[in-house]
Amino acid sequence: MSSHPIALADPAADHASLATEIESAVLQVLRSGRYVLGPEHDAFEQELAAMLGTPHGFAVSNGSDALLLPLMALDLEPGDEVITTPFTFFATGGAVHRVGAKPVFVDIDPETWNLDPARVAERIGARTRVVMPVHLYGKPAPLTALEALCTRHDLCLIEDAAQAILSKVDGRSCGTVGRFGGYSFFPSKNLGAAGEGGYIAVREADDAARIKALRTHGETQRYHHRYVGGNFRMHALQAAILRVKLRQLETWNERRRQNAKRYLELLRGTGLDARVKLPRWECNEVWNVHQFTIEVDRRDEVQKKLAEKGIATGVYYPVPLHLQECFAYLGYKQGDLPHAERAAARVLSLPVGPHVSAADQERVVRELTAVLDHVRAGELV
Ligand SMILES: Cc1ncc(COP(=O)(O)O)c(C=O)c1O
């Protein structure tokens, strides 16, 4: 039995599979002297826009800024409310706070870990301006229902598609259904940069002009600033690297989907589906499994035991945003959003990336079964 460590993500392996092309693209940029914006940057923007099916797309500094810029473009006022999920990476709620608006966290659907449209509808009020779903783990949020709600109440839909590049719902790419969609190229993402990077899909031409200006200090003409923006540009080197990786993305995504399917078969085959909660697929979605996540009792102990066996797992995310110290001023308390709190205590993501082999997956499921047997026997400490 092999006992090599199984990583949760392996950016070096992704690089190795394309090393010659990536390294020559990097050299080309270095020798060109075009380090900011430039031809590689523009080509990457356009190629990704075509793949996503968005009329406008902008490469930016990182995924957090890809959420911040759309919110900046809306001229929100203090007290304006953005309804979002508490069960996400911090950047989602952080972006709302950073523009001076008020995050309103509503509980998730425990079956999908994503926003529940019925709960969103209950919280829409006079100050609501934006609904910001997150496609957590790359699984599409219920966009059709949220889009209808936003249309009915004249709200802006901003999608946090950081984890969901090229995932689809009813044939539409996550991040392109709302007025804006933000993506992240953090190295462990399905499409990872060699550093930081992000992207904003934009539906309307006016919004596109605004995002483009905000990305360079609100400039509409060289040294003429209509808005206060910032330096939110992507490095040309990252764009060149991402351009090469983009050609591989569908293959990598397919590998993730296959690995997820294999996990389901293995977990069901060993009867673990009766003991852990498995992810659920809807028939109208393409889910490019960024994380393959299950729910287990005594999660932290299970994670520790698997680590001892050389199997890395992840907890995304252990503290829901409504209970973060920096959001105490919003007045939420433990118990307010029980589904998110329960998920935060129980979720565990297994290695599912393109670096994970079928044999690795068999080993993960074998070890997980053994660990859960110990838990059942009350032996775990
Ligand atoms: C759901 C979600 N939103 C936003 C971000 C922020 O992206 P970045 O780390 O590129 O700033 C991430 C990635 O870490 C994320 O997973």
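Residues numbered from 1 in each chain as written. Predicted model: local features only at pLDDT ≥ 70, side-chain atom pairs only at ≥ 80, totals over all residues. Heavy atoms only, no water.

## A closer look at the site of the ligand
We apply this condition: When we say a residue is near a molecule or strand, we mean one of its heavy atoms is within 4 Å of it. Counted as a polar contact is a pair of N or O atoms within 3.5 Å, where, for protein atoms, one must be capable of donating a hydrogen and the other of accepting one, and residues adjacent in sequence contribute only when both atoms are in side chains. Here the accessible surface of atoms and residues is derived via Shrake-Rupley with a 1.4 Å probe, and residues count as covered only by protein chains that are part of the display. Think of a 1 Å grid over the protein atoms and nothing else: a 1.4 Å probe that fits but is trapped marks a cavity, an open set flanked by protein within 12 Å on at least five of seven lines marks a pocket, and residues with an atom within 4 Å of a point count as lining. A pocket or cavity is taken to hold a molecule when more than half of that molecule's atoms are within 2 Å of the pocket's grid points. A run of H or I in DSSP becomes a helix once it reaches four residues, and a run of E becomes a strand once it reaches two; helices and strands are each numbered from the N terminus. Lys, Arg, Asp and Glu make up the charged group, whereas Ala, Val, Leu, Ile, Met, Phe, Trp, Tyr, Cys and Pro make up the nonpolar group; the residues left over, Gly among them, are polar.
Surrounding the ligand, one finds 16 residues, the nearest of these being Gly 63, Ser 64, Asp 160, Ser 184 and Lys 189. In the model, an oxygen atom of the ligand is placed 2.8 Å from a nitrogen or oxygen of the Gln 163 side chain. Between the ligand and Lys 189, the relevant distance is 3.0 Å, taken from an oxygen atom to a side-chain nitrogen or oxygen of the residue. Notes on the ligand: free accessible area 390 Å², of which the protein chains cover 94%. In this structure the site holding the ligand corresponds to the largest pocket. Only α4 (63-73) and α5 (90-98) provide two or more residues apiece to the shell around the ligand. Per-element tally for the shell around the ligand: the top contributor is α4, with three residues. By residue class, the composition of the shell around the ligand is six nonpolar, eight polar and two charged.

## Thoughts on the sheet that holds strand β12 (residues 285-286)
To keep things clear, this is the line we draw: For two strands to be treated as a pair, DSSP must find at least two bridges joining them.
Pairing in this open sheet of three strands is antiparallel, and the strands run β7-β6-β12 from one edge to the other. Each having just a single partner strand, β7 (172-173) and β12 make up the two edges of the open sheet. Strand direction decides the pairing type here: strand β6 (residues 168-169) and β12, joined by two bridges, are antiparallel. From the neighbouring strand, Val 169 faces β12, where its bridge partner is Glu 285.

## Overview of a nonpolar patch on the surface
Using the following cut-off: The residues that make up patches have over 30% relative accessible area and no salt bridge, and they are joined within 9 Å when like-charged or within 5 Å when they are Val, Leu, Ile, Met, Phe, Trp or Tyr. Salt bridge criterion: a side-chain nitrogen from Lys or Arg within 4 Å of a carboxyl oxygen from Asp or Glu.
Nonpolar side chains collect at one region of the surface, where Leu 27, Leu 30, Tyr 35 and Val 36 lie side by side and expose about 360 Å² of accessible area between them. Secondary-structure assignment places Tyr 35 in the loop between α2 (19-32) and α3 (38-52).

## Examining the environment of Glu 111
Let me state the cut-off plainly: Only protein chains enter the accessibility calculation, which uses a 1.4 Å probe. A residue is then buried if its area is under 20% of the maximum for its type, exposed if over 50%, and partly exposed in between. Whether two residues touch is decided by their heavy atoms; if any such pair falls within 4.5 Å, the residues are in contact.
Summarising the element assignment, Glu 111 is placed in the loop between β3 (102-105) and α6 (117-123). We classify Glu 111 as partly exposed; its relative accessible area is 38%. Along the chain, Glu 111 and His 339 lie 228 residues apart, while their C-alpha atoms are 9.4 Å from each other. Non-local contacts of Glu 111, meaning those with residues more than four positions away in its chain, are made with Lys 277 and Arg 280.

## Some details on the pattern of salt bridges
Under the criterion given, the structure shown has 28 salt bridges. Notably, a salt bridge pairs Lys 277 with Glu 111, separated by 3.9 Å at the nearest N-O pair. Of this pair, Lys 277 sits in the loop between α9 (236-269) and β12 while Glu 111 sits in the loop between β3 and α6, and the two are 166 residues apart along the sequence. Since its relative accessible area comes to 21%, Lys 277 is described here as partly exposed. Across the pair Asp 116 and Arg 119 runs a salt bridge, and its minimum N-O distance is 2.7 Å. When its relative accessible area of 17% is taken as the criterion, Asp 116 is described as buried. By relative accessible area, which is 25% here, Arg 119 ends up partly exposed. One continuous salt-bridge network, built from bridges that share partners, spans Glu 111, Lys 277, Glu 295, Asp 297 and Arg 346.

## Focus: the nonpolar core
Formally: Buried Ala, Val, Leu, Ile, Met, Phe, Trp, Tyr and Cys residues that are joined via side-chain atoms within 4.5 Å together make up what is termed a nonpolar core. Where each domain starts and ends follows an automatic or database-derived domain assignment.
Counting 58 residues, the largest nonpolar core has Phe 87, Leu 267, Phe 292, Ile 294 and Val 302 as its most contacted members. Here the element with the most residues in this core is helix α12 (residues 358-376); it accounts for six residues. In this structure, this core is formed jointly by two domains, domain 1 (11-242) and domain 2 (250-376), each of which donates at least three residues.

## Re the domain arrangement of the chain
How we decide: Summed over both partners, the accessible area (1.4 Å probe) lost when two parts come together is defined as the buried area.
Assigned domains within the chain: domain 1 (11-242) and domain 2 (250-376). Relative to domain 2, the C-alpha centre of domain 1 lies at a distance of 25 Å. Summing both partners gives a buried area of about 3,500 Å² for domain 1 against domain 2, and 59% of it is carried by carbon and sulfur. Of all residues in domain 1, Trp 113, Tyr 137 and Asn 190 bury the most surface against domain 2, accounting for 21% of the area lost on that side. Run the count over domain 1 and domain 2 and you get three salt bridges. Ionic pairing is found between Lys 139 and Glu 285, a salt bridge with its closest N-O pair at 2.8 Å.

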